[in-house]
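Residue-level listing of the chains:
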Amino acid sequence: MRIDVLTIFPEYLAPLELSLLGKARRQGLVDLHVHDLRDWTHDRHRTVDDSPLGGGAGMVMKPEPWAEAFAAVRAAGRAEMGEQAQPLVVFPNPAGAPFAQATAQAWSEREWIVFACGRYEGIDERVYEHLDAEGYEVALASLGDYVLNGGEVAVLAITEAVVRLVPGVVGNAESLREESHAEGLLEYPLYTRPAAWTDPAGTLREVPPILLSGDHAKIAAWRRERSLERTAERRPDLLGPAPTEG
Ligand code: J9T
């Protein structure tokens, strides 16, 4: 998988070099390219923003650097991957579709993702129109109902969620299938040794005895019940719409 990131704060993406993604890169499974949007400006101050037409607070990102950046990144990617290659362009945005585990799963099967990090109040609307007209596949993705100062932190989160699902990246495929959200349920409670533990307040805390029984079918059934119970308690929305009366 190739990942390009367009940002005015390339150093903000440094954590992508670490741990999981670092391993995926060393294994040749992920090819990451972080770009400074200002490389596609032509004035002395490398200007990427201007005041909103029609008035209002804050600044809006100018269209020209974005259009040049997308053209250059698409050409560079196609030069490596072939002229048929089509990136998915992702704009992290609180007005986007909620990013969820199913999104991460679908995107982990993509050949190429280009993340575009907006800053300031937003990006000139004509950038989206232009990308549409040029045949780019574009997605807006939201991490939740809150606002960030820019898309960079969202790209860190989305990239980690996606890359760990790329086949071969996490050694243990079983742990991916069993984990929270894999089946649309929250994870069951986990325990390790000691099976009987006296906490610092002097209370004896024992693990549920069934986990020591060696009966794998019973353990699986118990875990499923706990997952359902937890999901109903903490995230009832994941179980579907509440039943209505009558
Ligand atoms: C600038 O981007 C955001 O504020 C953002 C991006 C993705 N999800 C959010 N909830 C906010």
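Definitions and cut-offs
- Residues numbered from 1 in each chain as written.
- Predicted model: local features only at pLDDT ≥ 70, side-chain atom pairs only at ≥ 80, totals over all residues.
- Heavy atoms only, no water.
- Helix = DSSP H or I, 4+ residues; strand = E, 2+ residues; numbered from the N terminus.
- Rg over C-alpha atoms; globule rule 2.2 N^0.38 Å.
- Buried < 20%, exposed > 50% of the residue type's maximum accessible area, 1.4 Å probe, protein only.
- Near = heavy atom within 4 Å.
- Polar contact = N/O pair within 3.5 Å; in protein donor to acceptor, adjacent residues only side chain to side chain.
- Areas by Shrake-Rupley, 256 points an atom, 1.4 Å probe, with all protein chains shown as cover.
- Nonpolar A, V, L, I, M, F, W, Y, C, P; charged D, E, K, R; others polar.
- Core = buried A, V, L, I, M, F, W, Y, C linked by side-chain atoms within 4.5 Å.
- Contact = heavy atoms within 4.5 Å.
- Pairing = 2+ DSSP bridges.
- Axes fitted to C-alpha atoms, helices over the stretch in contact; angles between N-to-C directions.
- Phe/Tyr/Trp six-rings, centres within 6.5 Å; stacked < 30°, edge-to-face > 60°.
- Expected span 1.5 Å × (residues − 1).

Draft legend 1. Quick peek at the overall build of the protein chain. A tally of helices and strands in the protein chain yields seven helices and 10 strands. Taken over the C-alpha trace, the protein chain has a radius of gyration of 23 Å; the compact-globule value for 246 residues is 18 Å, which it surpasses by more than 25%. The dimensions of the protein chain, computed from C-alpha atoms along their principal axes, are 70 × 50 × 45 Å. Scored against the burial criterion, the 246 residues of the protein chain give a buried share of 37%.

Draft legend 2. View of the site of the ligand. Near the ligand, the surroundings consist of 13 residues, among which Asn93, Leu143, Gly144, Tyr146 and Leu148 are the closest. Leucine 143 places a main-chain nitrogen or oxygen 2.8 Å from a nitrogen atom of the ligand. The separation between a nitrogen atom of the ligand and a polar main-chain atom of tyrosine 146 is 2.9 Å. Computed on the free molecule, the ligand has an accessible area of 300 Å², of which 93% lies beneath the protein chains in the complex. When residues of the shell around the ligand are traced back to their parent elements, those giving at least two are strand E5 (88-98) and strand E8 (137-142). If you tally residues by element for the shell around the ligand, the top one is E5, at three residues. The residue makeup of the shell around the ligand, split by class, is eight nonpolar, five polar and no charged.

Draft legend 3. Spatial organisation of the nonpolar core. One finds Ile3, Val5, Phe99, Trp107 and Phe115 to be the most contacted residues of the largest nonpolar core, which totals 29 residues. Secondary-structure elements contributing two or more residues to this core are strand E1 (2-7), helix H1 (19-26), E5, helix H3 (101-107), strand E6 (112-116), E8 and helix H5 (152-163). The element contributing the most residues to this core is H5, with six residues. Those residues within four positions of tryptophan 107 in sequence are excluded, and the remaining contacts are Met1, Leu88, Val90, Phe99, Ile113, Ala139, Ala141, Ile158 and Val162. Core analysis: the next-biggest nonpolar cluster, separate from the first, contains 21 residues, Ile8, Val89, Trp112 and Val127 among them.

Draft legend 4. Looking closely at the sheet that holds E6. The five strands are arranged E2-E1-E6-E5-E8 in an open sheet whose pairing can be described as parallel. The outermost strands of the open sheet, each flanked by one partner alone, are strand E2 (31-36) and E8. On average, each strand axis in the sheet is tilted by 30° relative to the strand beside it, whichever way the strands run. The sheet contact formed by E1 and E6 spans five bridges and is parallel. Bridge pairing in E6 places leucine 6 opposite alanine 116. Those strands touched by helix H4 (residues 126-133) are E5 and E8, and its axis lies near 135° from that of E5.

Draft legend 5. The side chain of histidine 35, seen in detail. Positionally, histidine 35 belongs in strand E2. Here aspartate 4 takes part through its side chain, which lies 2.7 Å from a polar atom of the side chain of histidine 35.

Draft legend 6. How the structure looks around the packing of aromatic side chains. Tallied over the full model, the rule gives seven aromatic pairs. On the numbers, 5.6 Å between centres and 45° between planes, the contact of phenylalanine 99 with tryptophan 107 is tilted. Classification of phenylalanine 99 by relative accessible area gives buried; the value is 16%. Each member of the aromatic cluster is reached from another via a ring pair, and the members are Trp66, Phe70, Phe91, Tyr128 and Tyr136.

Draft legend 7. Main features of the environment of leucine 185. As for its position among the elements, leucine 185 is in the loop between helix H6 (173-178) and strand E9 (196-198). For leucine 185 and proline 236, which are 51 residues apart along the polypeptide, the C-alpha to C-alpha distance reads 9.8 Å.

Draft legend 8. Spotlight on H5. Under the 1.5 Å per step criterion, the end-to-end length of H5 is 16 Å for 12 residues, consistent within 8% with the ideal 16 Å. For H5, the tally of buried residues reaches nine of 12 residues, placing the bulk of the element in the interior. Every buried residue of H5 is listed here: Glu152, Ala154, Val155, Leu156, Ile158, Thr159, Ala161, Val162 and Val163.

Nothing here speaks to function; it is all geometry.
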